[in-house]
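Examining the three-dimensional arrangement
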Amino acid sequence: MHKVLILGGGIGGVAAAIALRKQGVAVELVSERDYLFIYPLAIWIPTGGAQFRDIGIPLSKLARKHGFSLTIDKVIALDSERKTVTLEKTGVRDSAAFVVIALGASKMKHDGIEHTTSICGKPEDSLVLKAKIEALIERGSGSIAFGFGGNPNDPSAVRGGPGFELFFNLHHHLTKLGIRERFEMTFFAPMAEPGARMGKRAFSAMAAMFEADNFTTRYGKKISRFEPDGIVFEDRSRLKSDLCMFIPASDGHETVRRSNLPQNSAGFIRIDDYCRIEGVRGWYAVGDAAALEGPEWKAKQGHLAELMAHNAAVNASVEHFGRKEKMRGYQDHLNILCVMDTGDGAGFVFKNSKRELFIPLPVVGHWLKKSWGHYYKLSKLWL
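Report on the accompanying structure. Computed from a predicted structure; not experimentally measured. (Residues numbered from 1 in each chain as written. Predicted model: local features only at pLDDT ≥ 70, side-chain atom pairs only at ≥ 80, totals over all residues. Heavy atoms only, no water.)

1. Regarding the overall build of the protein
Scanning the protein for helices and strands turns up eight helices and 24 strands. For 383 residues, the compact-globule formula gives about 21 Å, and the C-alpha radius of gyration of the protein, at 21 Å, lands near that figure. A sequence separation of at least 24 residues applies to 63% of the contacts in the protein between residues at least 6 apart. Of the accessible surface of the protein, which amounts to about 17000 Å², a share of 51% is contributed by carbon and sulfur atoms. Charge-centre separation for the protein: the mean point of 51 positive side chains lies 4 Å from the mean point of 42 negative side chains. (Helix = DSSP H or I, 4+ residues; strand = E, 2+ residues; numbered from the N terminus. Rg over C-alpha atoms; globule rule 2.2 N^0.38 Å. Contact = heavy atoms within 4.5 Å. Areas by Shrake-Rupley, 256 points an atom, 1.4 Å probe, with all protein chains shown as cover. Lys, Arg positive; Asp, Glu negative; His and termini not counted. Charge placed at Lys NZ, Arg CZ, Asp CG, Glu CD.)

Written out as C-alpha coordinates, the structure is:
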(Lines give C-alpha, C1' and ligand atoms only; values in the text may rest on other atoms or scores of the structure.)
Protein backbone atom coordinates (compact mmCIF):
# COMPACT_ATOMS: atom_id res chain seq x y z
CA MET A 1 0.00 0.00 0.00
CA HIS A 2 1.22 3.50 -0.84
CA LYS A 3 2.17 5.55 2.21
CA VAL A 4 1.45 9.25 2.71
CA LEU A 5 3.06 11.48 5.33
CA ILE A 6 0.98 14.49 6.37
CA LEU A 7 2.70 17.22 8.35
CA GLY A 8 0.36 19.26 10.54
CA GLY A 9 -2.70 18.44 12.63
CA GLY A 10 -4.77 21.54 11.88
CA ILE A 11 -7.86 21.91 9.71
CA GLY A 12 -5.95 21.33 6.46
CA GLY A 13 -3.87 18.42 7.70
CA VAL A 14 -6.84 16.57 9.18
CA ALA A 15 -8.90 17.12 6.02
CA ALA A 16 -6.04 15.71 3.93
CA ALA A 17 -5.71 12.65 6.19
CA ILE A 18 -9.43 11.87 5.99
CA ALA A 19 -9.59 12.42 2.22
CA LEU A 20 -6.56 10.24 1.54
CA ARG A 21 -7.85 7.42 3.73
CA LYS A 22 -10.99 7.45 1.60
CA GLN A 23 -8.68 6.83 -1.36
CA GLY A 24 -7.41 3.69 0.36
CA VAL A 25 -3.98 5.12 1.11
CA ALA A 26 -1.95 4.42 4.26
CA VAL A 27 -1.62 7.74 6.09
CA GLU A 28 0.61 8.91 8.93
CA LEU A 29 -0.25 12.31 10.38
CA VAL A 30 2.42 14.20 12.33
CA SER A 31 1.33 16.93 14.73
CA GLU A 32 2.93 18.88 17.58
CA ARG A 33 -0.42 18.97 19.41
CA ASP A 34 -2.49 15.93 20.26
CA TYR A 35 -5.74 17.68 19.38
CA LEU A 36 -7.29 19.58 16.48
CA PHE A 37 -8.05 23.12 17.66
CA ILE A 38 -11.00 24.65 15.79
CA TYR A 39 -9.85 28.27 15.59
CA PRO A 40 -13.09 29.71 14.10
CA LEU A 41 -14.88 28.73 17.34
CA ALA A 42 -12.23 30.12 19.71
CA ILE A 43 -13.75 33.63 19.57
CA TRP A 44 -16.23 32.64 22.30
CA ILE A 45 -13.72 31.36 24.85
CA PRO A 46 -12.51 34.77 26.17
CA THR A 47 -16.05 35.98 26.94
CA GLY A 48 -17.25 32.68 28.41
CA GLY A 49 -19.46 31.70 25.48
CA ALA A 50 -17.60 28.42 25.01
CA GLN A 51 -15.34 26.18 27.03
CA PHE A 52 -11.78 25.47 25.91
CA ARG A 53 -12.37 21.70 26.10
CA ASP A 54 -15.22 21.98 23.60
CA ILE A 55 -13.17 23.72 20.89
CA GLY A 56 -10.85 20.82 20.17
CA ILE A 57 -11.05 17.22 18.97
CA PRO A 58 -8.49 14.66 20.18
CA LEU A 59 -6.47 13.54 17.18
CA SER A 60 -6.44 10.02 18.61
CA LYS A 61 -10.23 9.87 18.16
CA LEU A 62 -9.93 11.05 14.57
CA ALA A 63 -7.15 8.53 13.90
CA ARG A 64 -9.27 5.65 15.20
CA LYS A 65 -12.34 6.80 13.29
CA HIS A 66 -10.61 7.23 9.93
CA GLY A 67 -7.83 4.67 10.21
CA PHE A 68 -4.69 6.79 9.95
CA SER A 69 -1.68 6.52 12.22
CA LEU A 70 -0.75 9.42 14.50
CA THR A 71 2.65 10.65 15.57
CA ILE A 72 2.95 13.46 18.10
CA ASP A 73 6.22 15.11 17.20
CA LYS A 74 7.70 18.34 15.85
CA VAL A 75 8.95 18.77 12.28
CA ILE A 76 12.40 20.33 12.52
CA ALA A 77 13.77 19.94 8.98
CA LEU A 78 12.56 19.45 5.40
CA ASP A 79 14.81 18.46 2.50
CA SER A 80 13.18 18.54 -0.92
CA GLU A 81 16.25 17.16 -2.71
CA ARG A 82 16.66 14.08 -0.53
CA LYS A 83 12.88 13.83 -0.01
CA THR A 84 13.34 13.60 3.77
CA VAL A 85 11.41 14.91 6.77
CA THR A 86 13.20 15.14 10.11
CA LEU A 87 11.22 14.93 13.35
CA GLU A 88 12.53 16.12 16.70
CA LYS A 89 11.92 12.88 18.61
CA THR A 90 11.68 10.14 16.02
CA GLY A 91 14.27 11.23 13.47
CA VAL A 92 14.32 11.08 9.69
CA ARG A 93 11.40 9.87 7.57
CA ASP A 94 12.17 9.01 3.95
CA SER A 95 9.84 6.15 3.00
CA ALA A 96 6.62 8.03 2.17
CA ALA A 97 5.32 7.79 -1.38
CA PHE A 98 4.42 11.44 -1.09
CA VAL A 99 4.15 14.22 1.48
CA VAL A 100 1.48 16.82 2.26
CA ILE A 101 2.76 19.87 4.13
CA ALA A 102 0.03 21.50 6.23
CA LEU A 103 2.21 23.05 8.93
CA GLY A 104 0.45 26.40 8.97
CA ALA A 105 2.54 29.54 9.33
CA SER A 106 4.64 31.52 11.75
CA LYS A 107 3.75 35.06 12.83
CA MET A 108 5.32 38.40 11.99
CA LYS A 109 7.55 39.65 14.80
CA HIS A 110 6.78 43.06 16.29
CA ASP A 111 8.76 44.97 18.89
CA GLY A 112 7.07 44.42 22.25
CA ILE A 113 4.70 41.70 20.97
CA GLU A 114 4.94 40.06 24.41
CA HIS A 115 2.66 42.83 25.70
CA THR A 116 -0.19 41.58 23.51
CA THR A 117 -2.29 38.41 23.37
CA SER A 118 -3.73 36.94 20.17
CA ILE A 119 -6.94 35.02 19.52
CA CYS A 120 -5.12 33.41 16.56
CA GLY A 121 -1.98 32.39 18.43
CA LYS A 122 -1.44 29.34 20.59
CA PRO A 123 -4.75 27.77 21.65
CA GLU A 124 -3.92 28.49 25.30
CA ASP A 125 -3.80 32.21 24.51
CA SER A 126 -7.61 32.20 24.39
CA LEU A 127 -7.57 31.36 28.10
CA VAL A 128 -5.03 34.11 28.78
CA LEU A 129 -7.38 36.57 27.08
CA LYS A 130 -10.26 35.27 29.17
CA ALA A 131 -8.30 35.88 32.38
CA LYS A 132 -7.31 39.39 31.26
CA ILE A 133 -10.89 40.28 30.35
CA GLU A 134 -12.18 39.01 33.69
CA ALA A 135 -9.51 41.02 35.54
CA LEU A 136 -10.45 44.18 33.64
CA ILE A 137 -14.14 43.63 34.38
CA GLU A 138 -13.30 43.15 38.04
CA ARG A 139 -11.43 46.44 37.94
CA GLY A 140 -14.54 48.10 36.58
CA SER A 141 -13.23 50.30 33.76
CA GLY A 142 -10.42 50.67 31.28
CA SER A 143 -9.25 51.06 27.70
CA ILE A 144 -9.39 48.12 25.29
CA ALA A 145 -7.50 47.96 21.99
CA PHE A 146 -7.93 45.20 19.42
CA GLY A 147 -6.13 45.06 16.10
CA PHE A 148 -4.28 43.11 13.45
CA GLY A 149 -1.21 43.60 11.31
CA GLY A 150 -0.22 43.16 7.67
CA ASN A 151 2.51 41.40 5.73
CA PRO A 152 3.80 43.64 2.91
CA ASN A 153 5.33 40.60 1.19
CA ASP A 154 2.05 38.68 1.05
CA PRO A 155 -1.27 40.48 1.73
CA SER A 156 -3.16 37.16 1.70
CA ALA A 157 -1.52 36.32 5.04
CA VAL A 158 -3.65 38.85 6.95
CA ARG A 159 -6.29 37.41 9.28
CA GLY A 160 -8.48 40.11 10.79
CA GLY A 161 -11.92 38.48 10.91
CA PRO A 162 -11.49 36.78 14.31
CA GLY A 163 -10.33 40.10 15.75
CA PHE A 164 -13.50 41.85 14.62
CA GLU A 165 -15.64 38.96 15.90
CA LEU A 166 -14.07 38.92 19.35
CA PHE A 167 -14.31 42.72 19.48
CA PHE A 168 -18.07 42.61 18.83
CA ASN A 169 -18.51 39.70 21.23
CA LEU A 170 -16.70 41.57 24.01
CA HIS A 171 -18.88 44.62 23.38
CA HIS A 172 -21.98 42.41 23.65
CA HIS A 173 -20.64 40.78 26.83
CA LEU A 174 -19.94 44.13 28.52
CA THR A 175 -23.36 45.42 27.43
CA LYS A 176 -25.10 42.43 29.00
CA LEU A 177 -23.22 43.13 32.24
CA GLY A 178 -24.42 46.74 32.10
CA ILE A 179 -20.90 48.21 32.18
CA ARG A 180 -20.08 48.88 28.51
CA GLU A 181 -20.02 52.67 29.00
CA ARG A 182 -17.12 52.31 31.45
CA PHE A 183 -14.77 51.00 28.75
CA GLU A 184 -13.21 52.73 25.78
CA MET A 185 -12.96 50.29 22.86
CA THR A 186 -10.64 51.01 19.92
CA PHE A 187 -9.80 48.95 16.86
CA PHE A 188 -6.47 49.58 15.11
CA ALA A 189 -4.76 48.38 11.95
CA PRO A 190 -1.96 49.68 9.69
CA MET A 191 -4.09 49.62 6.52
CA ALA A 192 -6.43 52.51 5.70
CA GLU A 193 -9.49 50.26 5.28
CA PRO A 194 -9.08 47.05 7.28
CA GLY A 195 -11.65 44.50 6.19
CA ALA A 196 -12.08 46.05 2.74
CA ARG A 197 -11.17 42.77 1.04
CA MET A 198 -14.53 41.39 2.25
CA GLY A 199 -16.25 43.71 -0.22
CA LYS A 200 -17.81 47.17 -0.18
CA ARG A 201 -21.12 46.04 1.31
CA ALA A 202 -19.55 44.18 4.21
CA PHE A 203 -17.07 46.98 4.87
CA SER A 204 -19.82 49.62 4.88
CA ALA A 205 -22.01 47.54 7.17
CA MET A 206 -19.16 47.01 9.62
CA ALA A 207 -18.34 50.73 9.61
CA ALA A 208 -21.97 51.48 10.49
CA MET A 209 -21.84 48.97 13.35
CA PHE A 210 -18.67 50.59 14.68
CA GLU A 211 -20.38 53.97 14.73
CA ALA A 212 -23.55 52.62 16.34
CA ASP A 213 -21.60 50.79 19.05
CA ASN A 214 -19.44 53.81 19.90
CA PHE A 215 -16.13 52.24 18.87
CA THR A 216 -13.14 54.38 17.99
CA THR A 217 -10.63 53.47 15.29
CA ARG A 218 -6.97 54.05 14.57
CA TYR A 219 -6.42 53.08 10.93
CA GLY A 220 -3.70 53.72 8.39
CA LYS A 221 -0.78 54.03 10.80
CA LYS A 222 2.03 51.49 10.93
CA ILE A 223 2.81 50.01 14.32
CA SER A 224 6.17 51.00 15.75
CA ARG A 225 6.06 48.97 18.97
CA PHE A 226 3.88 47.64 21.75
CA GLU A 227 4.34 48.71 25.36
CA PRO A 228 2.84 47.34 28.59
CA ASP A 229 0.14 50.02 28.57
CA GLY A 230 -0.29 50.93 24.93
CA ILE A 231 0.68 50.95 21.26
CA VAL A 232 3.12 53.40 19.65
CA PHE A 233 2.68 54.17 15.94
CA GLU A 234 5.25 55.29 13.38
CA ASP A 235 4.17 58.93 13.64
CA ARG A 236 4.93 58.71 17.41
CA SER A 237 1.27 58.90 18.31
CA ARG A 238 0.17 56.56 21.07
CA LEU A 239 -2.93 54.51 21.88
CA LYS A 240 -3.41 53.75 25.57
CA SER A 241 -4.51 50.22 26.33
CA ASP A 242 -5.15 48.25 29.49
CA LEU A 243 -5.91 45.20 27.34
CA CYS A 244 -4.39 44.67 23.90
CA MET A 245 -5.46 41.83 21.61
CA PHE A 246 -3.36 41.77 18.44
CA ILE A 247 -3.28 39.31 15.53
CA PRO A 248 0.07 39.52 13.71
CA ALA A 249 0.02 38.72 10.01
CA SER A 250 1.25 35.27 9.07
CA ASP A 251 4.76 34.66 7.81
CA GLY A 252 6.42 31.59 6.33
CA HIS A 253 6.71 28.69 8.79
CA GLU A 254 10.14 28.77 10.43
CA THR A 255 10.92 25.17 9.38
CA VAL A 256 9.93 25.93 5.79
CA ARG A 257 12.08 29.05 5.77
CA ARG A 258 15.12 27.00 6.81
CA SER A 259 14.47 24.42 4.09
CA ASN A 260 15.36 24.23 0.40
CA LEU A 261 11.70 24.23 -0.62
CA PRO A 262 10.70 26.85 -3.22
CA GLN A 263 9.31 29.90 -1.42
CA ASN A 264 7.86 33.31 -2.16
CA SER A 265 9.27 36.45 -0.55
CA ALA A 266 7.21 35.86 2.61
CA GLY A 267 8.47 32.29 3.09
CA PHE A 268 5.35 30.46 1.90
CA ILE A 269 5.77 27.35 -0.25
CA ARG A 270 5.31 27.86 -3.98
CA ILE A 271 2.71 25.51 -5.43
CA ASP A 272 0.83 25.14 -8.69
CA ASP A 273 -2.95 25.16 -9.07
CA TYR A 274 -3.08 21.49 -8.08
CA CYS A 275 -1.25 22.12 -4.77
CA ARG A 276 1.92 20.42 -6.06
CA ILE A 277 5.11 21.98 -4.72
CA GLU A 278 7.10 23.44 -7.59
CA GLY A 279 9.90 21.11 -8.66
CA VAL A 280 9.33 18.50 -5.93
CA ARG A 281 7.48 15.53 -7.38
CA GLY A 282 5.13 13.85 -4.93
CA TRP A 283 5.14 16.71 -2.41
CA TYR A 284 2.11 18.95 -1.85
CA ALA A 285 1.37 21.98 0.34
CA VAL A 286 -2.05 23.16 1.53
CA GLY A 287 -3.53 25.87 3.73
CA ASP A 288 -1.51 28.60 5.41
CA ALA A 289 1.84 26.96 4.54
CA ALA A 290 1.27 27.55 0.84
CA ALA A 291 1.70 30.68 -1.29
CA LEU A 292 -1.60 31.48 -2.96
CA GLU A 293 -1.95 32.76 -6.50
CA GLY A 294 -5.03 34.66 -7.58
CA PRO A 295 -6.87 38.00 -7.26
CA GLU A 296 -5.59 40.78 -5.04
CA TRP A 297 -8.33 40.21 -2.44
CA LYS A 298 -7.48 36.51 -1.91
CA ALA A 299 -7.22 35.44 1.73
CA LYS A 300 -6.18 32.33 3.65
CA GLN A 301 -9.17 30.79 5.43
CA GLY A 302 -10.02 27.43 6.97
CA HIS A 303 -12.50 26.43 4.27
CA LEU A 304 -9.86 27.06 1.61
CA ALA A 305 -7.38 24.89 3.51
CA GLU A 306 -9.97 22.07 3.46
CA LEU A 307 -10.63 22.54 -0.24
CA MET A 308 -6.90 22.42 -1.00
CA ALA A 309 -6.53 19.30 1.15
CA HIS A 310 -9.32 17.49 -0.71
CA ASN A 311 -7.86 18.58 -4.04
CA ALA A 312 -4.38 17.39 -3.09
CA ALA A 313 -5.82 13.97 -2.14
CA VAL A 314 -7.64 13.60 -5.47
CA ASN A 315 -4.73 14.92 -7.52
CA ALA A 316 -2.24 12.62 -5.80
CA SER A 317 -4.52 9.66 -6.48
CA VAL A 318 -4.86 10.63 -10.14
CA GLU A 319 -1.17 11.34 -10.65
CA HIS A 320 0.36 8.55 -8.58
CA PHE A 321 -2.24 5.85 -7.97
CA GLY A 322 -4.03 5.54 -11.31
CA ARG A 323 -7.37 7.07 -10.37
CA LYS A 324 -9.40 8.07 -13.44
CA GLU A 325 -10.57 11.60 -12.69
CA LYS A 326 -9.87 15.16 -13.68
CA MET A 327 -7.24 16.99 -11.65
CA ARG A 328 -8.69 19.67 -9.37
CA GLY A 329 -7.34 23.20 -9.05
CA TYR A 330 -7.97 25.58 -6.16
CA GLN A 331 -7.75 28.93 -7.95
CA ASP A 332 -11.18 28.73 -9.60
CA HIS A 333 -12.68 28.30 -6.13
CA LEU A 334 -11.01 31.21 -4.37
CA ASN A 335 -13.50 33.18 -2.32
CA ILE A 336 -13.97 34.89 1.00
CA LEU A 337 -16.62 33.19 3.07
CA CYS A 338 -17.49 33.76 6.70
CA VAL A 339 -20.28 34.17 9.19
CA MET A 340 -19.02 37.12 11.23
CA ASP A 341 -20.39 36.57 14.70
CA THR A 342 -21.25 39.53 16.95
CA GLY A 343 -22.52 37.70 20.03
CA ASP A 344 -26.12 38.74 19.44
CA GLY A 345 -26.24 37.98 15.73
CA ALA A 346 -23.96 37.74 12.72
CA GLY A 347 -23.38 38.87 9.17
CA PHE A 348 -22.95 36.47 6.26
CA VAL A 349 -20.06 37.55 4.04
CA PHE A 350 -19.26 36.10 0.62
CA LYS A 351 -17.03 37.37 -2.14
CA ASN A 352 -15.54 35.89 -5.29
CA SER A 353 -14.48 37.27 -8.66
CA LYS A 354 -18.08 37.62 -9.84
CA ARG A 355 -20.06 38.92 -6.88
CA GLU A 356 -20.07 39.96 -3.25
CA LEU A 357 -22.74 39.53 -0.60
CA PHE A 358 -23.38 40.78 2.89
CA ILE A 359 -26.54 39.55 4.61
CA PRO A 360 -27.32 40.74 8.17
CA LEU A 361 -28.50 37.88 10.36
CA PRO A 362 -29.76 39.34 13.66
CA VAL A 363 -29.97 36.78 16.48
CA VAL A 364 -30.22 33.73 14.20
CA GLY A 365 -26.74 34.31 12.75
CA HIS A 366 -25.10 33.68 16.11
CA TRP A 367 -26.88 30.35 16.47
CA LEU A 368 -26.11 29.41 12.87
CA LYS A 369 -22.41 29.78 13.60
CA LYS A 370 -22.80 27.79 16.81
CA SER A 371 -24.59 25.10 14.80
CA TRP A 372 -21.78 25.05 12.26
CA GLY A 373 -19.36 24.30 15.09
CA HIS A 374 -21.40 21.28 16.16
CA TYR A 375 -21.69 20.12 12.55
CA TYR A 376 -17.95 20.46 11.96
CA LYS A 377 -17.11 18.26 14.94
CA LEU A 378 -19.78 15.69 14.12
CA SER A 379 -18.74 15.54 10.47
CA LYS A 380 -15.18 14.63 11.45
CA LEU A 381 -16.13 12.09 14.11
CA TRP A 382 -19.21 10.41 12.73
CA LEU A 383 -19.75 11.06 9.01
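Now that the structure has been shown, we can carry on.
2. A few points about the sheet that holds strand β11 (residues 142-148)
The strands that make up a sheet are held in pairs by hydrogen bonds between backbone atoms, and each pair lies either parallel or antiparallel. The strand order across the open sheet formed by four strands is β13-β12-β11-β17, and the pairing between neighbours is parallel. Unpaired on one side and paired on the other, β13 (216-219) and β17 (243-247) mark the two borders of the sheet. With strand direction ignored, the average angle separating the axes of adjacent strands in the sheet is 15 degrees. By the bridge criterion, four bridges tie strand β12 (residues 183-189) to β13 in an arrangement that is parallel. Looking at the pairing, T186 lines up with T216 of β13. Packing of helix α4 (residues 161-177) onto the sheet brings it into contact with β11, β12, β13 and β17, and relative to β12 it is tilted by some 175 degrees. (Pairing = 2+ DSSP bridges. Axes fitted to C-alpha atoms, helices over the stretch in contact; angles between N-to-C directions.)

3. Regarding helix α8 (residues 364-381)
Counted at 1.5 Å a residue, the expected span for α8 with its 18 residues is 26 Å, and the 26 Å between its end C-alpha atoms agrees. For α8, every residue scored as buried is listed here: G365, H366, K369, K370, G373, Y376, K377, S379, K380 and L381. (Expected span 1.5 Å × (residues − 1). Buried < 20%, exposed > 50% of the residue type's maximum accessible area, 1.4 Å probe, protein only.)

4. Brief notes about a nonpolar patch on the surface
A surface patch of nonpolar side chains, about 620 Å² in accessible area, is lined by W372, Y375, L378, W382 and L383. Relative to the helices and strands, W372 is located in helix α8. Look at W372 and you get partly exposed, because its relative accessible area is 34%. (Patch = residues over 30% accessible without salt bridge, like charges linked within 9 Å, V, L, I, M, F, W, Y side chains within 5 Å. Salt bridge = Lys/Arg side-chain N within 4 Å of Asp/Glu carboxyl O.)

5. A word on the sheet that holds strand β9 (residues 98-101)
Read from one edge to the other, the open sheet built from five strands follows the order β5-β2-β1-β9-β20, with strand pairing classed as parallel. This sheet does not close on itself; its edge strands, each paired only once, are β5 (69-72) and β20 (283-285). Neighbour-to-neighbour, the strand axes of this sheet turn through a mean angle of 20 degrees, independent of strand direction. Where β9 lies against β20, three bridges are found, and the strand directions are parallel. Counted as the bridge partner of V100 is Y284 from β20. Each of β9 and β20 is contacted by helix α7 (residues 302-321), which is oriented at about 165 degrees to β20, the strand it contacts most.

6. Re the packing of α4 against helix α5 (residues 200-212)
Following both chains from N to C, one finds α4 and α5 inclined at 30 degrees, their axes separated by 12 Å at the closest point. In terms of orientation, α4 and α5 fall into the roughly parallel class. Seen along the crossing, α4 lies across α5 with a hand that is left-handed. In contact with F164, F167 and F168 of α4, α5 contributes M206, M209 and F210. Looking at the contact of α4 with α5, its residues break down into six nonpolar, no polar and no charged. (Parallel < 35°, antiparallel > 145°, perpendicular 65-115°, else oblique. Left-handed = near helix turned anticlockwise from the far one by under 90°. Nonpolar A, V, L, I, M, F, W, Y, C, P; charged D, E, K, R; others polar.)

7. Details of the environment of G161
Relative to the helices and strands, G161 is located in helix α4. The spatial distance from the C-alpha of G161 to the C-alpha of V339 is 9.6 Å, given a sequence separation of 178 residues.

8. Details of empty space enclosed by the protein
Tallying each qualifying case throughout the model produces two cavities of 30 Å³ or more. In this model, the largest cavity occupies a volume close to 60 Å³. Lining the largest cavity are F168, A202, A205, M206, M209, M340, T342, G347, V349 and F358. Of all elements in the fold, only α5 and β23 (345-351) reach the threshold of two or more residues within the lining of the largest cavity. With four residues, the top contributor of residues to the lining of the largest cavity is α5. Residues that form the lining of the largest cavity fall into these classes: eight nonpolar, two polar and no charged. Considered as a void within the structure, the second largest cavity measures approximately 30 Å³ in volume. (1 Å grid on protein atoms, 1.4 Å probe; cavity = no way out; pocket = protein on both sides within 12 Å on 5 of 7 lines; lining within 4 Å. Points joined across faces, edges and corners; volume = space filled by probe spheres on them.)

9. Here we look at the nonpolar core
Grouped together as the largest cluster of nonpolar side chains are 99 residues, with contacts concentrated most on L7 and I101. The element contributing the most residues to this core is helix α1 (residues 11-22), with eight residues. In contact with L7, other than residues within four places in its own chain, are V30, V75, L78, V85, V99, V100, I101, A102 and L103. Counting residues in hydrophobic clusters, the runner-up holds nine residues, among them A145, I223, I231 and L239. (Core = buried A, V, L, I, M, F, W, Y, C linked by side-chain atoms within 4.5 Å.)

10. Here we look at the packing of aromatic side chains
To describe a pair of aromatic rings, one takes the distance between the centres and the angle between the planes. In the structure shown here, the tally under the stated rule is 23 aromatic pairs. Here the aromatic rings of F187 and F210 are separated by 6.0 Å at their centres, their planes lie at 65 degrees, and the arrangement is edge-to-face. One end of the pair, F187, is in strand β12; the other, F210, is in helix α5, with 23 residues separating them in the sequence. For F187, a relative accessible area of 0% corresponds to the buried category. The exposure class of F210 is buried, given its relative accessible area of 6%. Linked through ring pairs, F146, F148, F164, F167, F168, F187, F210 and F215 together constitute an aromatic cluster. If you follow K300 out to its NZ or CZ, it ends over the ring of F268, 3.3 Å from the centre. Over the face of the ring belonging to W44 we find K370, whose NZ or CZ atom lies 4.2 Å from the ring centre. (Phe/Tyr/Trp six-rings, centres within 6.5 Å; stacked < 30°, edge-to-face > 60°. Lys NZ or Arg CZ within 6 Å of the ring centre and 35° of its normal.)

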